[in-house]
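Chain and residue survey
This is what each chain is made of:
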Amino acid sequence: MLSSPSQEEKNCQNDIQHMEKANGGIRDRELAGHGLGTLQLEVEGIIVLHPTPSNDPNDPLNFSQGYKIYLTLVACIAVFLSNYLAAGPTVDIVNIAIAYTGLPPDVPKTAYFFTASALFQGVGLFVWSPLFTKYGRRPVYVISYIGLSASVLLCVLIKKNYAVELVGRLGVGFFSGAAESLAPITITDIFFTHERGRYLAMYQTALSIGVSFGIIISGAVAQQTGSFSNIYWVGFSLISAATVLVCFSFPETAWRRTAQENTLQADRDGGSIQSDGGRTVPVKKKYTERLAIFSGTYTEENWFKIFSRPFGLLLLPAVAWGTLCFASTIGFLVAISSVFSVALGQPPYNFNAQQSGFCFAGGVVGAVLAIPIGGHLGDWVANRATHRAGGVRQPEYRLPAIIPSLITAPAGLLAFGLGIAHKVHWMVPVLGLGLLNFAIATGSNVALAYAIDVYKPIASEVVVAILGWKAVVGFALSYGTNQWIAAEGFQNAFGEMAAICAGCLLLALPLGVFGARLRKATLEWRITSWIRWSDDRDDLDIVLH
């Protein structure tokens, strides 16, 4: 027998009806992906919600704002912890080298623990992408968190065995790749276009301070306990706690938005249907149903096409630019993390591991200060331009928010390089770290949000393309930075990095002018035609007549 709907479900229906009335009535619907980010986002001063939420209380877009923020924080914790373990132990790399290679310490051989881990983080992105795209986010969240915990435990239980440590580090990289890529996808799943940027800024901040804060914690732990192994014990404790949160409080956030979703989605996912005056209203799932590991498939595309698409996406300007921005900001932060311990351990600084780690406090401060600039500013700039354009949103409206990063990223690299080269006060390289982390949390966020705005239906592959190729560049930089500095010196090497970074960020200018034409024309090229996605990947867009 059918029961009556709850007050929460009635409120959900009323909200949808109110939105439709405010928008002047919905006359037609068509696939959003066909517009490549061009949306009717405002009508008579009222924001049109995009993607269009269903009347199903299980739809992630209908989660309460507080719950959405909670899910964002949990997702960002994973990003923070994966970067904590990626870079943190490098603060004590000399002692690690002694433990695994003996005396004299073989630092380059020990560095493979971290460079190989960075490479496998990129490899993991490409492997996990087809899985969480086709089968949902939750199974990959659960498997990757458990795998990450096991890999960290392996690093600490079997000590002073180079081969075992390398396997553990490869596992850390591989499983953390899933956490790093799932966070922006989760944010895209649960937030609307007009508010997405501010929450992606939280992700960028976690990505940035994970390195900085990880090095601070690791330096203090190594110095105070006298053992680098305790760095991993701290990481294992934190990751285990996060694993519990994911397993017992993190639902599936993927959702198939089809024309019949109001009646078919709940039935496919196992929910019952209630009657409401002749209409069907899905029932909110029980706790155990929401936390099912598998909840079905979310696209009919084959695995190989999803896997291969990130390789072709680099041919598209929005994704190529996003990749360059990530590689030239986060990649150069990786370069700094691979040399700072040695640089600050020499005269006139003579810093120990803890003192070197505390220098990354500048990075934490810079990233935290960037949250309102990187997120709210980007959304405000884009929403204001949308209002001026009669409510029509173009992805390029977000690009002016890149301006602060154009100043702070090159300035940060120059401050660090020149400060070390000329042996000035330690506050100068610390200031450089702060400026660079500020730029990462602002500029990289603008680039990522822009690429997602353009190619929202295939956001998972877009994120993988940007983060995966960033990881490859990070691997190359962590492997080659010492040689670069040995050949050019700190001043010239970081001067060249600053010039490269500024050049990459400045590409926002031609994109702002020609972006609309480029994103439509490039997807029609024969060489990129195979990138196009199936209709079941599209959101439904509201088209007003």
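Description of the structure in this document.

Cut-offs and rules
Residues numbered from 1 in each chain as written. Predicted model: local features only at pLDDT ≥ 70, side-chain atom pairs only at ≥ 80, totals over all residues. Heavy atoms only, no water. Salt bridge = Lys/Arg side-chain N within 4 Å of Asp/Glu carboxyl O. Helix = DSSP H or I, 4+ residues; strand = E, 2+ residues; numbered from the N terminus. Buried < 20%, exposed > 50% of the residue type's maximum accessible area, 1.4 Å probe, protein only. Expected span 1.5 Å × (residues − 1). Contact = heavy atoms within 4.5 Å. Phe/Tyr/Trp six-rings, centres within 6.5 Å; stacked < 30°, edge-to-face > 60°.

1. Describing the pattern of salt bridges
All told, the structure shown has 13 salt bridges when counted by the stated rule. D379 is paired through a salt bridge with R398; the nearest N and O atoms lie 3.0 Å apart. Here D379 is found in helix α15 (residues 361-388), whereas its partner R398 is found in the loop between β7 (392-393) and α16 (403-421), with 19 residues between them in sequence. Classification of D379 as buried rests on a relative accessible area of 2%. Under the relative-accessibility criterion, R398 is labelled buried at 2%.

2. A few points about helix α8 (residues 229-249)
If you check α8, its first and last C-alpha atoms are 30 Å apart, about what 21 residues at 1.5 Å a residue would give, namely 30 Å. Taken residue by residue, α8 has S229, I231, Y232, G235, I239, A242, T243, V246, C247 and S249 as its buried positions. Check the buried side of α8 and you find it contacts α2 (65-87), α4 (107-134), α5 (137-157), α6 (162-190) and α7 (196-225).

3. Focus: the packing of aromatic side chains
This model, assessed by the stated rule, comprises 23 aromatic pairs. Taken together, a centroid distance of 6.1 Å and an interplanar angle of 50° make the contact between Y100 and F228 tilted. Here Y100, found in helix α3 (residues 93-101), pairs with F228, found in the loop between α7 and α8; they are 128 residues apart in sequence, far enough to count as distant. Each member of the aromatic cluster is reached from another via a ring pair, and the members are F126, W303, F307, F311 and W469.

4. Thoughts on unusual backbone geometry
Each neighbour pair has its own omega, and for H50 with P51 the value is 0°, a cis peptide bond. The omega angle of the peptide bond from L103 to P104 is -5°, so this bond is cis rather than trans. Turning to its location among the elements, P104 is positioned in the loop between α3 and α4. Its identity is not glycine, yet K423 carries a phi of approximately 55°, on the positive side. As for its position among the elements, K423 is in the loop between α16 and α17 (427-454).

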